[in-house]
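A look at the structure
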Amino acid sequence: MLRSAQDWDTKWDAIFDSYQKDIRHAHYINAVRRKNENKILEIAAGSFRDVAALNRWGIDCAGFDFSESAVHQARARFPGLEDKLSCRDAFDTGFHDKSFDLTYHNGFWVLFKDDGDVQRLLSEQIRLTRRRVVATVHNGHNRQFVDYFRRRVDAGEDLFEVRFFRCNEIMEIMSSRCRNVAVIPVGKAYRAHEDWLIRAGLGNRAVLRSYFGIAGQMFLSSSERLLCIGDVRD
């Protein structure tokens, strides 16, 4: 499993450009974002593609990663955003308390097998967040998706060695520190649904927000990921 900054420095050198193509998660964040959530942070941003997309849409979003290579490449690729992109440790970010209205990450916690590490990461995320935290993880209810990752790991591809979460697991983790936790299945690998709306140019905030409300848990077994949202406790 890729864990160290040095591991990811090497990995991002190889995959940074290819990861720029898929900004679905930026659409998801924009859809669930509330009007009073104006200052946003992406944790473990990696490709920084979603940070860049949200800023293009007029949303004040910063991002950080612990890979110096990823940050260096992002600053070169996204001129004008250099001050919003930084190299930091997610366990100890160095940001002031309550610096952001909403914080999120996509596929970050799946790199940690130990729930104690995940709880430490959540605690730091909550510390620097005023309103809501978002954690998007790989969906353990999708057997086809799980089996696909296992085959890639068996073929020696370390990028696919990740942890999958089921709803009860992620709900328990989030509910330990957050109120009003909600889980939305997103990213339909084998069905179109909200990703089709995005590709068709219909993935605006209102349409996706409405879709998420209607779809609920209908596609739990076929979604790639679980987007988990919690209110920060006062």
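Above this note sits the structure.
Residues numbered from 1 in each chain as written. Predicted model: local features only at pLDDT ≥ 70, side-chain atom pairs only at ≥ 80, totals over all residues. Heavy atoms only, no water.

So, about the overall build of the protein chain. Scanning the protein chain from terminus to terminus reveals 9 helices and 7 strands. Taken against the 2.2 N^0.38 rule, which gives 17 Å for 234 residues, the C-alpha radius of gyration of the protein chain at 17 Å falls within 12% of a compact globule. Principal-axis analysis of the C-alpha atoms places the extent of the protein chain at approximately 45 × 40 × 40 Å. Here the protein chain holds 234 residues, and the buried ones make up 54% of them. (Helix = DSSP H or I, 4+ residues; strand = E, 2+ residues; numbered from the N terminus. Rg over C-alpha atoms; globule rule 2.2 N^0.38 Å. Buried < 20%, exposed > 50% of the residue type's maximum accessible area, 1.4 Å probe, protein only.)

A few words on the side chain of Ser67. On the secondary structure map, Ser67 appears in the loop between β2 (60-65) and α4 (68-77). Accessibility expressed as a relative area gives 0% for Ser67, which makes it buried. Looking at Ser67, its side chain comes within polar contact range of the main-chain nitrogen of Ala70, at 3.1 Å. (Polar contact = N/O pair within 3.5 Å; in protein donor to acceptor, adjacent residues only side chain to side chain.)

So, on to the pairing of β2. Most of β2 is tucked away: 5 of the 6 residues are buried. Pairing geometry for strand β1 (residues 39-42) and β2, over 4 bridges, is parallel. Pairing of Lys39 across the sheet is with Asp60, part of β2. The parallel pair β1 and β2, bridged by helix α3 (residues 49-56), forms a crossover whose chirality is right-handed. In terms of strand pairing, β2 meets strand β3 (residues 85-87) through 3 bridges, oriented parallel. Counted as the bridge partner of Asp65 is Cys87 from β3. This β-α-β element, β2 to α4 to β3, shows right-handed connectivity. (Pairing = 2+ DSSP bridges. Right-handed = clockwise from strand over helix to strand, strands pointing away.)

Phi at Ala44 takes a positive value of approximately 55°, unusual for a residue other than glycine. Structurally, Ala44 can be placed in the loop between β1 and α3. A positive phi angle is found at Lys98, which is not glycine, with a value near 55°. Relative to the helices and strands, Lys98 resides in the loop between β3 and β4 (100-106).

Evaluated as defined, the whole model comprises 16 salt bridges. In this structure, Arg130 engages Asp101 in a salt bridge whose closest nitrogen and oxygen atoms are separated by 2.8 Å. Placement of Arg130 in strand β5 (residues 129-138) and of Asp101 in strand β4 is noted, with a sequence separation of 29 residues between them. Owing to a relative accessible area of 39%, Arg130 belongs among the partly exposed residues under this scheme. Of the residues examined, Asp101 reaches a relative accessible area of 6% and is grouped as buried. For Arg152, the salt bridge is made with Glu157, and the minimal N-O distance between the two is 2.7 Å. A relative accessible area of 24% means that Arg152 is categorised as partly exposed. Taken together, the shared-partner salt bridges connect Asp22, Arg24 and Glu224 into one network. (Salt bridge = Lys/Arg side-chain N within 4 Å of Asp/Glu carboxyl O.)

Turning to its location among the elements, His105 is positioned in strand β4. Excluding anything up to four places from it in sequence, His105 contacts His25, Ile43, Gln125, Val134, Ala135 and Thr136. (Contact = heavy atoms within 4.5 Å.)

What follows is about the packing of helix α2 (residues 24-32) against α3. Where α2 meets α3, the closest approach of the two axes is 8 Å, and the angle between their N-to-C directions is 50°. Comparing the axis directions of α2 and α3 gives the class oblique. By crossing handedness, the relation of α2 to α3 is classed as right-handed. Only Asp50, Ala53 and Leu54 of α3 make contact with α2, whose side of the interface consists of His25, Ala26, Ile29 and Asn30. Here the residues of the contact of α2 with α3 are counted per class, giving 4 nonpolar, 2 polar and 1 charged. (Axes fitted to C-alpha atoms, helices over the stretch in contact; angles between N-to-C directions. Parallel < 35°, antiparallel > 145°, perpendicular 65-115°, else oblique. Left-handed = near helix turned anticlockwise from the far one by under 90°. Nonpolar A, V, L, I, M, F, W, Y, C, P; charged D, E, K, R; others polar.)

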